[in-house]
Amino acid sequence: MSRLEIETNGFHSEGQMDEVFEEISIEVPWGHIVGKWWGRKDIQPVLAIHGWQDNAGTFDTLAPLLIGPKVSILCIDLPGHGFSSHYPKGQTYYIFWDGVYHVRRIVKHFKWEKFSIMGHSLGGAIGFLYASIYPDEVDKLISLDIVCPPVRDIISTMGETIDLFFKYEALKPEACPQYEYDDMIDITVDGHNNKLTRASCEILMRRGMRPTPEDKSIYRFTRDIRLKSSIMSALTLEQAYAFAVRISCNVLNIRATIHSIQLEYYESVLDKIRTNAKVEYHLVNGTHHVHLNNPERVSGIISKFLKS
């Protein structure tokens, strides 16, 4: 584990939060996976995985409410997100399946034998897959506003997605969108249909944007623009069920009342998970990012689950 000096929008990891979290970096063949380790470094952390096009900052308001003498949390930036390295030129993102490989790399890096996963949206779907593929290695699974990868037919849109990849791949860095700070936050708020508070957007943008080399008052997104053309790997319902019945760890599923997910199969997948796992389910008032906007609504539930 190495210390990083990471600069974001004038914020630094050094300062008042220094005693609470530490920036870490894990070397991978194409660069680094980086993240924030909240709490003690001498205990097994919960691995926290963010949603699509978000970053480790999605847990910035929640993690301080969870850490303690027996709980630490490692929040990673998935490749192409936040401060983690982008994929090499020519390689596309298969975000759900790639995520399983990334978790496996982290497990091998730290030599973990058993650990817990907390995931929001994409991160929760990755946790679902990993807990199914390696059922003996996951102690607890916490899924925030998702139950599994999407169940849908993606064939009709794959051609468009592939062509979009080539469009984004051809973009020069200087051709990528760039904005002043307030405009960048406005775009982020609008992009989430005002379901993320402005304060939450500013938190995400600490890792989600960087000043341009030419003008420090102008910013670009840190995420890889090719993520917009990532193959949104989907499952058939039969496949989702097959993965679900293999999960054997204790599962906490928290769903927001104002959601952006498919519900037609949500309960049935939860029922399949119950085949071999104990499932605790909570419906919480809030939006898809309730854990970031209103962390106090979920922190008590999660803390109690982690202690159980």
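All values derive from a computational prediction rather than experimental measurement. Note on numbering: residues in each chain are counted from 1, in written sequence order. Given that this is a predicted model, residues contribute local features only at a pLDDT of at least 70 and side-chain atom pairs are listed and counted only at 80 or more, while totals for whole chains, interfaces and linings are drawn from all residues. As a rule here, side-chain values come from all non-hydrogen atoms in the structure, and water together with hydrogens is ignored.

*Asks:* Please clarify how the confidence of the model for the protein should be interpreted in this entry.
*Replies:* For residues with low pLDDT, the predicted coordinates do not support detailed interpretation. For every residue, the predictor states its confidence as a pLDDT score lying anywhere from 0 to 100. Model confidence for the protein is summarised by a mean pLDDT of 91, while 93% of its residues fall at 70 or above. Two residues form a contact once any of their heavy atoms are found within 4.5 Å. Contacts for the low-pLDDT stretch residues 1-18, under 50 throughout, to residues beyond four places or in other chains number 41 contacts.

*Asks:* In this structure, what is going on with the UniProt feature "domain: AB hydrolase-1" (unreviewed entry) in the protein? I would like to understand it.
*Replies:* UniProt positions are given in the numbering used here, feature names are shortened, and annotations may be inferred rather than shown by experiment. Within the UniProt annotation, "domain: AB hydrolase-1" (unreviewed entry) is assigned to residues 45-159. Counting from the N terminus, the helices are DSSP H or I runs at least four residues long and the strands are E runs at least two residues long. Between the end C-alpha atoms of residues 45-159 there is a gap of 40 Å, over a span that is 32% helix and 20% strand.

*Asks:* Looking at this structure, how should I read the sheet that holds strand S8 (residues 138-144)?
*Replies:* Sheet strands pair via backbone hydrogen bonds, and the direction of the pair is either parallel or antiparallel. Taken in spatial order, the eight strands of this open sheet run S3-S4-S6-S5-S7-S8-S12-S13, and their pairing is mixed. A strand with exactly one partner marks an edge of an open sheet, and here the two such strands are strand S3 (21-28) and strand S13 (279-284). When the angles between neighbouring strand axes are averaged without regard to direction, this sheet yields 20 degrees. Relative to S8, strand S7 (residues 115-120) is paired through five bridges, and the arrangement is parallel. Pairing of Phe 115 across the sheet is with Val 138, part of S8. In this description, a line fitted to the C-alpha atoms serves as the axis of each element, helices being fitted only across the stretch in contact, and the angle between N-to-C directions of two axes falls anywhere from 0 to 180 degrees. Strands S3, strand S4 (31-38), strand S5 (45-49), strand S6 (72-76) and S7 of the sheet are contacted by helix H2 (residues 95-110), whose axis makes an angle of about 105 degrees with S3. At least two DSSP bridges between two strands are needed for those strands to be called paired.

*Asks:* Can you walk me through the sheet that holds strand S11 (residues 218-221) in this structure?
*Replies:* Taken together, three strands build an open sheet; the order of strands is S9-S11-S10 and the sheet is antiparallel. Each edge of the sheet is formed by a strand with only one pairing partner; in this case those strands are strand S9 (179-180) and strand S10 (209-211). In this sheet, S11 lies alongside S9 in antiparallel orientation, the contact comprising two bridges. Within the sheet, the bridge partner assigned to Tyr 179 lies in S11 and is Tyr 219. Against the sheet, helix H6 (residues 198-208) touches S10 and S11, its axis set at about 60 degrees to S10.

*Asks:* Explain the side chain of Arg 226 here, please?
*Replies:* In this structure, Arg 226 sits in the loop between S11 and helix H7 (237-244). Relative accessibility thresholds used throughout: buried, under 20% of the residue-type maximum; exposed, over 50%; partly exposed, between the two (1.4 Å probe, protein chains only). Residue class for Arg 226 comes out buried when judged on its relative accessible area of 7%. For the purposes of these results, a polar contact is taken to be a pair of N or O atoms within 3.5 Å, where, inside protein, one atom must be able to donate a hydrogen and its partner to accept one; residues adjacent in sequence count only when each atom of the pair is a side-chain atom. At a separation of 2.7 Å, a polar atom in the side chain of Arg 226 contacts the side chain of Asp 224. Setting aside residues up to four positions removed in sequence, Arg 226 forms contacts with His 86, Tyr 87, Pro 88, Lys 89, Gly 90, Gln 91, Tyr 93, Phe 165, Tyr 168 and Glu 169.

*Asks:* Whenever I open this one, the pattern of salt bridges confuses me. Can you help?
*Replies:* Between side chains of opposite charge, a pair can form when the charged atoms approach closely. Basic side-chain nitrogens of Lys or Arg form a salt bridge, by our definition, when they fall within 4 Å of a carboxyl oxygen of Asp or Glu. Summed over all chains, the structure comprises ten salt bridges. When the shortest N-O distance is used, the salt bridge between Arg 40 and Asp 42 registers 2.8 Å. Among the salt bridges present, the one from Glu 137 reaches Arg 104, with a minimum N-O distance of 2.7 Å. Of this pair, Glu 137 sits in the loop between helix H3 (122-133) and S8 while Arg 104 sits in helix H2, and the two are 33 residues apart along the sequence. Linked through salt bridges whose partners overlap, the residues forming this network are Glu 23, Asp 77 and Arg 207.

*Asks:* Looking at this structure, I do not really get the pairing of S3. What am I missing?
*Replies:* Regular strands have side chains that alternate between both faces of the sheet. Within S3, seven of the eight residues are buried, leaving the element largely enclosed by the surrounding structure. Sheet topology places S3 next to S4; eight bridges connect them, and they run antiparallel. Following the sheet pairing, Glu 23 is matched in S4 by Lys 36. Linking two consecutive strands that pair antiparallel, namely S3 and S4, is a turn of two residues.

*Asks:* Mind showing me how you'd approach the nonpolar core here?
*Replies:* Here is a general trend for soluble globular proteins: nonpolar side chains tend to be buried in one another's company. In this structure, Leu 47, Phe 128, Val 269 and Ile 273 are the most contacted members of the largest nonpolar core, which totals 51 residues. If near-sequence neighbours (up to four positions away) are discounted, Leu 47 is found in contact with Leu 74, Ile 76, Val 103, Ile 106, Trp 112, Phe 115, Ser 116, Ile 117 and Met 118. The nonpolar core is taken to be a set of buried Ala, Val, Leu, Ile, Met, Phe, Trp, Tyr and Cys residues, with the residues joined through side-chain atoms within 4.5 Å. Listed in part, the 26 residues of the second largest apolar core include Phe 21, Ala 63, Cys 75 and Leu 252.

*Asks:* For this particular structure, what's the right way to read the environment of Ser 156?
*Replies:* Summarising the element assignment, Ser 156 is placed in helix H4 (residues 155-169). Along the sequence, Ser 156 and Phe 96 sit 60 residues apart, while their C-alpha atoms lie 19 Å from each other.

*Asks:* Quick question: what am I supposed to make of H7 here?
*Replies:* Since the α-helix turns once every 3.6 residues, residues separated by three or four places project in the same direction. Those residues of H7 not exposed but buried are Ala 240, Phe 243 and Ala 244. Projected onto a plane normal to the axis of H7, the buried residues spread over an arc of 100 degrees and lie on a single side. Of the surrounding secondary structure, the elements contacted by the buried residues of H7 are H2, H3 and helix H8 (266-273). Of all possible arcs, the one meant is that of the directions from the helix axis to the C-beta atoms.

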